[in-house]
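Read off the chains here:
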Amino acid sequence: MRRYPRKALRGTLGLAIGAMTAVAEFFYVLFGGIALAIPALRPSVFAGARALSELERRRLEKYLGAENATDYTGRRAMAYLAPRCVLGLLSAGIFVLILFGAGSGVIIGYQLLSGRAPGGEAPADWYDPVTTTLFGALLIFLSIQGLLGVTTLERELARRFFGPSKKEQLRRRVSELSTSRAEVVEAVNGERRRIERDLHDGVQQRLVALGMLLGRARRTGDPDNASELLRQAHEESQRALEDLREVSWRVYPIALDSDGLHPALEALAERSGVPVHLRVDLPERPPAAIETVVYFVASEAVTNTIKHAAATRIDIEAERNGDSVRVRITDDGTGGARESGGGLSGLARRVAAADGEFTVHSPLGGPTVVTAVLPCE
(Lines give C-alpha, C1' and ligand atoms only; values in the text may rest on other atoms or scores of the structure.)
Protein backbone atom coordinates (compact mmCIF):
# COMPACT_ATOMS: atom_id res chain seq x y z
CA MET A 1 0.00 0.00 0.00
CA ARG A 2 2.96 2.36 0.57
CA ARG A 3 3.71 2.62 -3.13
CA TYR A 4 0.43 4.43 -3.85
CA PRO A 5 1.26 7.56 -1.78
CA ARG A 6 4.73 7.57 -3.34
CA LYS A 7 3.20 7.26 -6.78
CA ALA A 8 0.79 10.14 -6.05
CA LEU A 9 3.63 12.33 -4.74
CA ARG A 10 5.78 11.52 -7.77
CA GLY A 11 2.93 12.37 -10.12
CA THR A 12 2.23 15.65 -8.30
CA LEU A 13 5.91 16.57 -8.50
CA GLY A 14 5.87 15.81 -12.22
CA LEU A 15 2.87 18.08 -12.74
CA ALA A 16 4.55 20.85 -10.72
CA ILE A 17 7.66 20.61 -12.90
CA GLY A 18 5.49 20.67 -15.99
CA ALA A 19 3.71 23.77 -14.71
CA MET A 20 7.04 25.59 -14.41
CA THR A 21 8.32 24.50 -17.82
CA ALA A 22 5.03 25.60 -19.42
CA VAL A 23 6.00 29.26 -18.91
CA ALA A 24 9.18 28.85 -20.98
CA GLU A 25 7.31 26.79 -23.56
CA PHE A 26 4.63 29.46 -23.89
CA PHE A 27 7.16 32.15 -24.81
CA TYR A 28 9.03 29.73 -27.06
CA VAL A 29 5.85 28.90 -28.97
CA LEU A 30 4.97 32.60 -29.17
CA PHE A 31 8.29 33.84 -30.50
CA GLY A 32 9.21 30.61 -32.26
CA GLY A 33 5.95 30.74 -34.19
CA ILE A 34 6.87 34.20 -35.39
CA ALA A 35 10.39 33.03 -36.31
CA LEU A 36 8.96 30.25 -38.47
CA ALA A 37 7.98 32.91 -40.95
CA ILE A 38 11.69 33.18 -41.79
CA PRO A 39 12.76 30.01 -43.70
CA ALA A 40 16.40 30.27 -42.56
CA LEU A 41 15.35 30.07 -38.88
CA ARG A 42 13.04 27.09 -39.20
CA PRO A 43 15.68 24.35 -38.61
CA SER A 44 16.84 26.08 -35.42
CA VAL A 45 13.26 26.60 -34.19
CA PHE A 46 12.37 22.96 -34.82
CA ALA A 47 15.58 21.79 -33.12
CA GLY A 48 14.76 23.86 -30.03
CA ALA A 49 11.20 22.58 -30.04
CA ARG A 50 12.46 19.03 -30.13
CA ALA A 51 14.81 19.66 -27.21
CA LEU A 52 11.93 21.06 -25.11
CA SER A 53 9.65 18.22 -26.16
CA GLU A 54 12.29 15.67 -25.22
CA LEU A 55 12.43 17.17 -21.73
CA GLU A 56 8.66 16.83 -21.51
CA ARG A 57 8.76 13.25 -22.79
CA ARG A 58 11.33 12.29 -20.15
CA ARG A 59 9.32 14.07 -17.45
CA LEU A 60 6.20 12.11 -18.39
CA GLU A 61 8.14 8.86 -18.44
CA LYS A 62 9.83 9.44 -15.07
CA TYR A 63 6.99 10.95 -13.05
CA LEU A 64 3.77 9.86 -14.77
CA GLY A 65 4.82 6.48 -16.16
CA ALA A 66 3.96 7.40 -19.77
CA GLU A 67 6.41 5.89 -22.28
CA ASN A 68 6.41 7.24 -25.81
CA ALA A 69 8.48 6.99 -28.96
CA THR A 70 11.61 9.06 -29.52
CA ASP A 71 11.61 9.18 -33.32
CA TYR A 72 9.36 12.25 -33.75
CA THR A 73 10.27 15.25 -35.91
CA GLY A 74 10.95 18.83 -34.86
CA ARG A 75 7.83 19.97 -36.71
CA ARG A 76 5.75 17.50 -34.69
CA ALA A 77 7.46 18.67 -31.50
CA MET A 78 6.49 22.26 -32.26
CA ALA A 79 2.91 21.19 -32.85
CA TYR A 80 2.97 19.39 -29.49
CA LEU A 81 4.32 22.35 -27.52
CA ALA A 82 1.42 24.64 -28.53
CA PRO A 83 -1.34 22.72 -26.66
CA ARG A 84 1.13 21.44 -24.07
CA CYS A 85 2.02 24.93 -22.81
CA VAL A 86 -1.70 25.73 -22.40
CA LEU A 87 -2.17 22.52 -20.44
CA GLY A 88 0.86 23.31 -18.30
CA LEU A 89 -0.45 26.80 -17.54
CA LEU A 90 -3.76 25.24 -16.52
CA SER A 91 -1.83 22.98 -14.17
CA ALA A 92 0.01 26.01 -12.81
CA GLY A 93 -3.32 27.72 -12.17
CA ILE A 94 -4.52 24.72 -10.17
CA PHE A 95 -1.36 24.77 -8.04
CA VAL A 96 -1.76 28.51 -7.43
CA LEU A 97 -5.34 27.93 -6.29
CA ILE A 98 -4.16 25.11 -4.01
CA LEU A 99 -1.53 27.37 -2.42
CA PHE A 100 -4.03 30.21 -2.08
CA GLY A 101 -6.58 27.84 -0.56
CA ALA A 102 -4.01 26.41 1.86
CA GLY A 103 -2.99 29.90 3.00
CA SER A 104 -6.60 30.96 3.37
CA GLY A 105 -7.35 27.78 5.32
CA VAL A 106 -4.56 28.55 7.79
CA ILE A 107 -5.83 32.10 8.32
CA ILE A 108 -9.47 31.03 8.67
CA GLY A 109 -8.49 28.21 11.04
CA TYR A 110 -6.58 30.65 13.22
CA GLN A 111 -9.57 33.00 13.28
CA LEU A 112 -11.95 30.19 14.25
CA LEU A 113 -9.63 29.05 17.04
CA SER A 114 -9.57 32.65 18.27
CA GLY A 115 -13.37 32.68 18.47
CA ARG A 116 -13.87 34.91 15.45
CA ALA A 117 -15.89 34.28 12.31
CA PRO A 118 -14.07 33.91 8.96
CA GLY A 119 -12.97 37.44 8.12
CA GLY A 120 -12.29 38.26 11.76
CA GLU A 121 -14.87 41.04 12.18
CA ALA A 122 -17.52 39.23 14.25
CA PRO A 123 -17.71 36.43 16.84
CA ALA A 124 -17.90 32.94 15.37
CA ASP A 125 -21.25 31.17 15.19
CA TRP A 126 -21.67 27.43 15.74
CA TYR A 127 -22.06 26.74 12.03
CA ASP A 128 -18.87 28.55 10.93
CA PRO A 129 -16.52 25.56 11.56
CA VAL A 130 -18.98 23.21 9.84
CA THR A 131 -19.43 25.29 6.71
CA THR A 132 -15.72 26.07 6.55
CA THR A 133 -14.81 22.39 6.81
CA LEU A 134 -17.33 21.36 4.16
CA PHE A 135 -16.24 24.12 1.81
CA GLY A 136 -12.57 23.24 2.34
CA ALA A 137 -13.25 19.55 1.66
CA LEU A 138 -15.05 20.50 -1.56
CA LEU A 139 -12.11 22.61 -2.72
CA ILE A 140 -9.66 19.80 -1.92
CA PHE A 141 -11.79 17.35 -3.90
CA LEU A 142 -12.00 19.70 -6.90
CA SER A 143 -8.25 20.33 -6.78
CA ILE A 144 -7.46 16.62 -6.75
CA GLN A 145 -9.86 16.00 -9.64
CA GLY A 146 -8.27 18.87 -11.53
CA LEU A 147 -4.78 17.40 -11.12
CA LEU A 148 -6.01 13.95 -12.15
CA GLY A 149 -7.66 15.46 -15.21
CA VAL A 150 -4.46 17.28 -16.17
CA THR A 151 -2.50 14.03 -15.73
CA THR A 152 -4.84 12.21 -18.11
CA LEU A 153 -4.64 15.00 -20.67
CA GLU A 154 -0.84 15.11 -20.41
CA ARG A 155 -0.57 11.41 -21.18
CA GLU A 156 -3.10 11.53 -24.01
CA LEU A 157 -1.48 14.58 -25.60
CA ALA A 158 1.97 12.97 -25.53
CA ARG A 159 0.58 9.71 -26.92
CA ARG A 160 -1.12 11.65 -29.73
CA PHE A 161 2.03 13.52 -30.83
CA PHE A 162 4.89 11.19 -29.84
CA GLY A 163 3.67 7.90 -31.11
CA PRO A 164 4.52 5.20 -30.95
CA SER A 165 5.44 5.30 -34.61
CA LYS A 166 5.35 2.22 -36.83
CA LYS A 167 9.09 1.81 -36.32
CA GLU A 168 8.69 1.99 -32.56
CA GLN A 169 5.75 -0.42 -32.64
CA LEU A 170 7.85 -2.88 -34.64
CA ARG A 171 10.74 -2.55 -32.18
CA ARG A 172 8.44 -3.17 -29.21
CA ARG A 173 6.82 -6.14 -30.92
CA VAL A 174 10.22 -7.69 -31.65
CA SER A 175 11.14 -7.20 -28.00
CA GLU A 176 7.86 -8.81 -26.87
CA LEU A 177 8.38 -11.76 -29.21
CA SER A 178 11.93 -12.25 -27.95
CA THR A 179 10.66 -12.29 -24.39
CA SER A 180 7.81 -14.62 -25.29
CA ARG A 181 10.21 -17.00 -27.04
CA ALA A 182 12.40 -17.13 -23.95
CA GLU A 183 9.34 -17.74 -21.80
CA VAL A 184 8.16 -20.54 -24.11
CA VAL A 185 11.55 -22.23 -23.91
CA GLU A 186 11.54 -21.92 -20.12
CA ALA A 187 7.98 -23.24 -19.91
CA VAL A 188 8.88 -26.24 -22.10
CA ASN A 189 11.96 -26.94 -19.99
CA GLY A 190 9.83 -26.72 -16.86
CA GLU A 191 7.36 -29.20 -18.32
CA ARG A 192 10.20 -31.57 -19.18
CA ARG A 193 11.57 -31.36 -15.65
CA ARG A 194 8.11 -32.04 -14.21
CA ILE A 195 7.56 -35.05 -16.48
CA GLU A 196 11.00 -36.39 -15.52
CA ARG A 197 10.15 -36.06 -11.82
CA ASP A 198 6.78 -37.77 -12.32
CA LEU A 199 8.40 -40.68 -14.19
CA HIS A 200 11.29 -40.99 -11.74
CA ASP A 201 9.30 -40.69 -8.53
CA GLY A 202 6.24 -42.60 -9.71
CA VAL A 203 6.42 -44.96 -12.65
CA GLN A 204 10.11 -45.84 -12.25
CA GLN A 205 9.69 -46.73 -8.59
CA ARG A 206 6.69 -48.90 -9.41
CA LEU A 207 8.62 -50.74 -12.12
CA VAL A 208 11.58 -51.29 -9.77
CA ALA A 209 9.23 -52.75 -7.16
CA LEU A 210 7.59 -54.91 -9.86
CA GLY A 211 10.97 -56.24 -10.98
CA MET A 212 11.93 -57.09 -7.39
CA LEU A 213 8.67 -58.98 -6.84
CA LEU A 214 9.09 -60.97 -10.06
CA GLY A 215 12.70 -61.76 -9.16
CA ARG A 216 11.67 -63.06 -5.73
CA ALA A 217 8.86 -65.12 -7.29
CA ARG A 218 11.33 -66.70 -9.73
CA ARG A 219 13.83 -67.57 -7.02
CA THR A 220 11.41 -68.98 -4.45
CA GLY A 221 10.80 -72.71 -4.30
CA ASP A 222 7.49 -72.44 -2.45
CA PRO A 223 4.51 -72.49 -4.86
CA ASP A 224 2.25 -70.68 -2.36
CA ASN A 225 4.85 -67.96 -1.78
CA ALA A 226 5.40 -67.64 -5.53
CA SER A 227 1.65 -67.28 -6.07
CA GLU A 228 1.46 -64.52 -3.44
CA LEU A 229 4.45 -62.72 -4.96
CA LEU A 230 2.88 -62.92 -8.43
CA ARG A 231 -0.36 -61.49 -7.02
CA GLN A 232 1.57 -58.56 -5.51
CA ALA A 233 3.44 -58.11 -8.80
CA HIS A 234 0.15 -58.00 -10.68
CA GLU A 235 -1.20 -55.31 -8.31
CA GLU A 236 2.04 -53.36 -8.64
CA SER A 237 1.77 -53.51 -12.42
CA GLN A 238 -1.76 -52.09 -12.20
CA ARG A 239 -0.55 -49.25 -10.02
CA ALA A 240 2.31 -48.60 -12.45
CA LEU A 241 -0.21 -48.38 -15.30
CA GLU A 242 -2.32 -45.95 -13.28
CA ASP A 243 0.73 -43.76 -12.61
CA LEU A 244 1.72 -43.90 -16.28
CA ARG A 245 -1.83 -42.99 -17.28
CA GLU A 246 -1.73 -40.06 -14.84
CA VAL A 247 1.57 -38.83 -16.26
CA SER A 248 0.35 -39.12 -19.85
CA TRP A 249 -2.85 -37.26 -18.92
CA ARG A 250 -0.84 -34.42 -17.39
CA VAL A 251 1.38 -34.30 -20.48
CA TYR A 252 -1.61 -33.91 -22.79
CA PRO A 253 -5.15 -35.25 -22.24
CA ILE A 254 -6.47 -37.03 -25.31
CA ALA A 255 -9.98 -35.73 -24.50
CA LEU A 256 -8.80 -32.23 -25.33
CA ASP A 257 -8.26 -33.21 -28.96
CA SER A 258 -11.20 -35.51 -29.43
CA ASP A 259 -13.93 -33.83 -27.39
CA GLY A 260 -12.78 -30.30 -26.59
CA LEU A 261 -12.16 -28.20 -23.51
CA HIS A 262 -15.40 -28.84 -21.63
CA PRO A 263 -15.06 -32.65 -21.42
CA ALA A 264 -11.35 -32.31 -20.56
CA LEU A 265 -12.19 -29.99 -17.66
CA GLU A 266 -14.95 -32.36 -16.56
CA ALA A 267 -12.42 -35.20 -16.45
CA LEU A 268 -10.07 -32.96 -14.48
CA ALA A 269 -12.84 -32.24 -11.96
CA GLU A 270 -13.65 -35.95 -11.61
CA ARG A 271 -10.02 -36.84 -10.92
CA SER A 272 -9.53 -34.11 -8.31
CA GLY A 273 -9.21 -35.05 -4.66
CA VAL A 274 -11.03 -31.81 -3.72
CA PRO A 275 -14.62 -31.18 -4.89
CA VAL A 276 -14.53 -29.11 -8.08
CA HIS A 277 -17.51 -27.07 -9.29
CA LEU A 278 -17.27 -26.41 -13.01
CA ARG A 279 -18.98 -23.76 -15.14
CA VAL A 280 -18.12 -23.55 -18.84
CA ASP A 281 -19.75 -21.01 -21.15
CA LEU A 282 -18.12 -21.38 -24.57
CA PRO A 283 -20.65 -21.16 -27.43
CA GLU A 284 -17.98 -22.33 -29.86
CA ARG A 285 -14.65 -24.08 -29.46
CA PRO A 286 -11.63 -21.79 -29.15
CA PRO A 287 -8.50 -22.53 -31.20
CA ALA A 288 -6.66 -25.65 -30.13
CA ALA A 289 -3.68 -23.68 -28.82
CA ILE A 290 -5.92 -21.58 -26.59
CA GLU A 291 -7.77 -24.66 -25.34
CA THR A 292 -4.46 -26.22 -24.37
CA VAL A 293 -3.33 -23.19 -22.38
CA VAL A 294 -6.71 -22.87 -20.64
CA TYR A 295 -6.67 -26.54 -19.68
CA PHE A 296 -3.16 -26.47 -18.26
CA VAL A 297 -3.87 -23.27 -16.31
CA ALA A 298 -6.84 -25.01 -14.70
CA SER A 299 -4.97 -28.28 -14.19
CA GLU A 300 -1.89 -26.71 -12.58
CA ALA A 301 -4.01 -24.42 -10.41
CA VAL A 302 -6.04 -27.39 -9.15
CA THR A 303 -2.85 -29.37 -8.49
CA ASN A 304 -1.32 -26.49 -6.50
CA THR A 305 -4.53 -26.09 -4.51
CA ILE A 306 -4.63 -29.78 -3.59
CA LYS A 307 -0.96 -29.78 -2.58
CA HIS A 308 -0.66 -26.50 -0.69
CA ALA A 309 -3.96 -24.73 0.02
CA ALA A 310 -5.87 -27.14 2.30
CA ALA A 311 -9.03 -26.17 0.41
CA THR A 312 -12.43 -27.82 0.63
CA ARG A 313 -13.84 -26.44 -2.62
CA ILE A 314 -12.54 -25.38 -6.03
CA ASP A 315 -14.51 -23.41 -8.62
CA ILE A 316 -13.45 -23.39 -12.28
CA GLU A 317 -15.10 -20.90 -14.65
CA ALA A 318 -14.29 -20.75 -18.35
CA GLU A 319 -16.14 -18.31 -20.57
CA ARG A 320 -15.92 -16.36 -23.79
CA ASN A 321 -15.62 -12.61 -23.25
CA GLY A 322 -15.68 -10.81 -26.60
CA ASP A 323 -12.48 -11.67 -28.45
CA SER A 324 -10.92 -13.47 -25.50
CA VAL A 325 -11.36 -16.55 -23.34
CA ARG A 326 -11.17 -16.15 -19.58
CA VAL A 327 -10.57 -18.97 -17.13
CA ARG A 328 -10.79 -18.32 -13.40
CA ILE A 329 -9.96 -20.84 -10.67
CA THR A 330 -11.07 -20.00 -7.12
CA ASP A 331 -10.47 -21.99 -3.94
CA ASP A 332 -11.33 -21.46 -0.28
CA GLY A 333 -7.89 -22.46 0.98
CA THR A 334 -5.34 -20.73 3.17
CA GLY A 335 -4.15 -18.27 0.52
CA GLY A 336 -0.67 -16.80 0.33
CA ALA A 337 0.04 -18.05 -3.21
CA ARG A 338 2.42 -15.96 -5.31
CA GLU A 339 2.68 -15.68 -9.07
CA SER A 340 6.47 -15.91 -8.85
CA GLY A 341 6.49 -19.18 -6.93
CA GLY A 342 6.17 -22.84 -7.83
CA GLY A 343 4.04 -23.94 -10.74
CA LEU A 344 2.29 -20.57 -11.02
CA SER A 345 5.39 -18.95 -12.51
CA GLY A 346 5.36 -21.58 -15.27
CA LEU A 347 1.69 -20.82 -15.91
CA ALA A 348 2.47 -17.10 -16.13
CA ARG A 349 5.13 -17.80 -18.78
CA ARG A 350 2.80 -20.12 -20.70
CA VAL A 351 0.03 -17.50 -20.74
CA ALA A 352 2.45 -14.70 -21.68
CA ALA A 353 3.69 -16.80 -24.60
CA ALA A 354 0.12 -16.79 -25.92
CA ASP A 355 -0.11 -12.96 -25.52
CA GLY A 356 -2.46 -13.42 -22.58
CA GLU A 357 -2.77 -11.86 -19.13
CA PHE A 358 -2.23 -13.87 -15.95
CA THR A 359 -3.05 -12.68 -12.43
CA VAL A 360 -3.04 -14.23 -8.97
CA HIS A 361 -4.97 -12.75 -6.05
CA SER A 362 -4.28 -14.70 -2.88
CA PRO A 363 -4.37 -12.82 0.43
CA LEU A 364 -3.42 -14.70 3.58
CA GLY A 365 -6.46 -16.61 4.75
CA GLY A 366 -7.82 -16.88 1.20
CA PRO A 367 -9.55 -17.09 -1.07
CA THR A 368 -7.11 -17.62 -3.92
CA VAL A 369 -8.21 -16.51 -7.40
CA VAL A 370 -6.11 -17.45 -10.43
CA THR A 371 -7.21 -15.75 -13.65
CA ALA A 372 -5.97 -16.05 -17.21
CA VAL A 373 -7.32 -14.06 -20.14
CA LEU A 374 -6.25 -15.25 -23.58
CA PRO A 375 -6.87 -13.59 -26.94
CA CYS A 376 -9.12 -15.64 -29.21
CA GLU A 377 -9.27 -13.98 -32.61
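Here is a short report on the structure shown in this document. (Residues numbered from 1 in each chain as written. Predicted model: local features only at pLDDT ≥ 70, side-chain atom pairs only at ≥ 80, totals over all residues. Heavy atoms only, no water.)

**Comments concerning the overall build of the chain**
So, step 1. Within the chain, the regular secondary structure consists of ten helices and five strands.
So, step 2. Buried positions account for 35% of the 377 residues belonging to the chain.
So, step 3. Across the chain, the fraction of contacts at a sequence separation of at least 24, relative to all contacts at a separation of at least 6, is 68%. (Helix = DSSP H or I, 4+ residues; strand = E, 2+ residues; numbered from the N terminus. Buried < 20%, exposed > 50% of the residue type's maximum accessible area, 1.4 Å probe, protein only. Contact = heavy atoms within 4.5 Å.)

**Some points on the packing of aromatic side chains**
So, step 1. With the rule as written, the count across this model stands at six aromatic pairs.
So, step 2. Centre to centre, the rings of Y72 and F162 are 4.5 Å apart; their planes meet at 25°, and the pair counts as stacked. Of this pair, Y72 sits in the loop between α2 (42–63) and α3 (74–113) while F162 sits in helix α4 (residues 127–162), placing them 90 residues apart in sequence. Neither Y72 nor F162 differs from the other in exposure class; each is buried.
So, step 3. A connected cluster of aromatic rings, assembled from ring pairs, spans Y72, Y80, F161 and F162.
So, step 4. R50 extends its terminal NZ or CZ atom over the ring of Y72, reaching a point 4.3 Å from the ring centre.
So, step 5. Its guanidinium or amino end placed over the ring of F161, R160 lies 5.6 Å from that ring's centre, counting from NZ or CZ. (Phe/Tyr/Trp six-rings, centres within 6.5 Å; stacked < 30°, edge-to-face > 60°. Lys NZ or Arg CZ within 6 Å of the ring centre and 35° of its normal.)

**Things to note about the packing of helix α8 (residues 261–271) against helix α9 (residues 288–309)**
So, step 1. As a packed pair, α8 and α9 sit with axes 10 Å apart at the nearest point and diverge in direction by 10°. Here α9 runs roughly parallel to α8, going by the angle between their axes. From α8, L261, A264, L265, L268 and R271 reach across to α9, where they touch E291, V294, Y295, A298, S299 and V302.
So, step 2. A class-by-class count of the residues in the contact of α8 with α9 yields eight nonpolar, one polar and two charged. (Axes fitted to C-alpha atoms, helices over the stretch in contact; angles between N-to-C directions. Parallel < 35°, antiparallel > 145°, perpendicular 65-115°, else oblique. Nonpolar A, V, L, I, M, F, W, Y, C, P; charged D, E, K, R; others polar.)

**Considering the side chain of E54**
So, step 1. Within the secondary structure, E54 sits in helix α2.
So, step 2. For E54, a relative accessible area of 12% corresponds to the buried category.
So, step 3. Of note is the side chain of E54, whose polar atom sits 2.7 Å from the side chain of Y72. (Polar contact = N/O pair within 3.5 Å; in protein donor to acceptor, adjacent residues only side chain to side chain.)

**Some points on α9**
So, step 1. Its 22 residues place the ends of α9 30 Å apart at the C-alpha level, agreeing with the 32 Å of an ideal helix rising 1.5 Å per residue.
So, step 2. Burial within α9 is extensive, with 17 of its 22 residues counted as buried. (Expected span 1.5 Å × (residues − 1).)

**Notes on the nonpolar core**
So, step 1. In this structure, L265, Y295, V297, I316, I329 and F358 are the most contacted members of the largest nonpolar core, which totals 35 residues.
So, step 2. Elements that contribute at least two residues to this core include exactly α8, β1 (276–281), α9, β2 (314–321), β3 (324–331), α10 (342–353) and β5 (368–375).
So, step 3. Sorting elements by how many residues they give to this core places α9 first, with nine residues.
So, step 4. Each residue touching F358, except ones within four places of it in the same chain, is listed here: V297, E339, L344, L347, A348, V351, V370, T371 and A372.
So, step 5. Formed by 25 residues, the second largest nonpolar core is a distinct cluster that contains L15, A19, I94 and F161. (Core = buried A, V, L, I, M, F, W, Y, C linked by side-chain atoms within 4.5 Å.)

**A word on the pairing of strand β4 (residues 357–361)**
So, step 1. Note that β4 and β5 share five bridges and pair antiparallel. Along β5, the bridge assignment pairs T359 with T371.
So, step 2. Taking the residues between adjacent antiparallel strands as the criterion, β4 and β5 are bridged by six residues, where G365 takes a positive phi near 95°. (Pairing = 2+ DSSP bridges.)

**Observations concerning the pattern of salt bridges**
So, step 1. Following the criterion strictly, the structure yields 20 salt bridges and no others.
So, step 2. Note that E228 and R231 form a salt bridge whose closest N and O atoms lie 2.3 Å from each other. On the criterion of helical spacing, the pair formed by E228 and R231 is a turn pair, its members being three residues apart in helix α6 (residues 223–251).
So, step 3. A relative accessible area of 32% places E228 in the partly exposed class.
So, step 4. Here R279 and E319 are joined by a salt bridge, their closest N and O atoms 3.4 Å apart. With a gap of 40 residues between them, R279 in strand β1 and E319 in strand β2 connect regions that are remote in the sequence.
So, step 5. By relative accessible area, E319 is classed as buried at 14%.
So, step 6. Linked by salt bridges that have partners in common, E25, E56, R59, R84 and E154 make up one network. (Salt bridge = Lys/Arg side-chain N within 4 Å of Asp/Glu carboxyl O.)

**Structural notes on the layout of surface pockets**
So, step 1. Approximately 550 Å³ is the volume found for the second largest pocket.
So, step 2. Forming the walls of the second largest pocket are 20 residues, and the residues nearest its centre are G101, A102, G136, L139 and I140.
So, step 3. Breaking the lining of the second largest pocket down by element, the ones donating at least two residues are α3 and α4.
So, step 4. When residues in the lining of the second largest pocket are grouped by element, the largest group, eleven residues, is from α4.
So, step 5. In terms of residue class, the lining of the second largest pocket is built from twelve nonpolar, eight polar and no charged. (1 Å grid on protein atoms, 1.4 Å probe; cavity = no way out; pocket = protein on both sides within 12 Å on 5 of 7 lines; lining within 4 Å. Points joined across faces, edges and corners; volume = space filled by probe spheres on them.)

**Side note on a positive patch on the surface**
So, step 1. A contiguous patch of positive charge on the surface is contributed by R6, K7, R10 and R155.
So, step 2. Exposure remark for K7: the relative accessible area of 52% places this residue in the exposed category. (Patch = residues over 30% accessible without salt bridge, like charges linked within 9 Å, V, L, I, M, F, W, Y side chains within 5 Å. Areas by Shrake-Rupley, 256 points an atom, 1.4 Å probe, with all protein chains shown as cover. Lys, Arg positive; Asp, Glu negative; His and termini not counted. Charge placed at Lys NZ, Arg CZ, Asp CG, Glu CD.)

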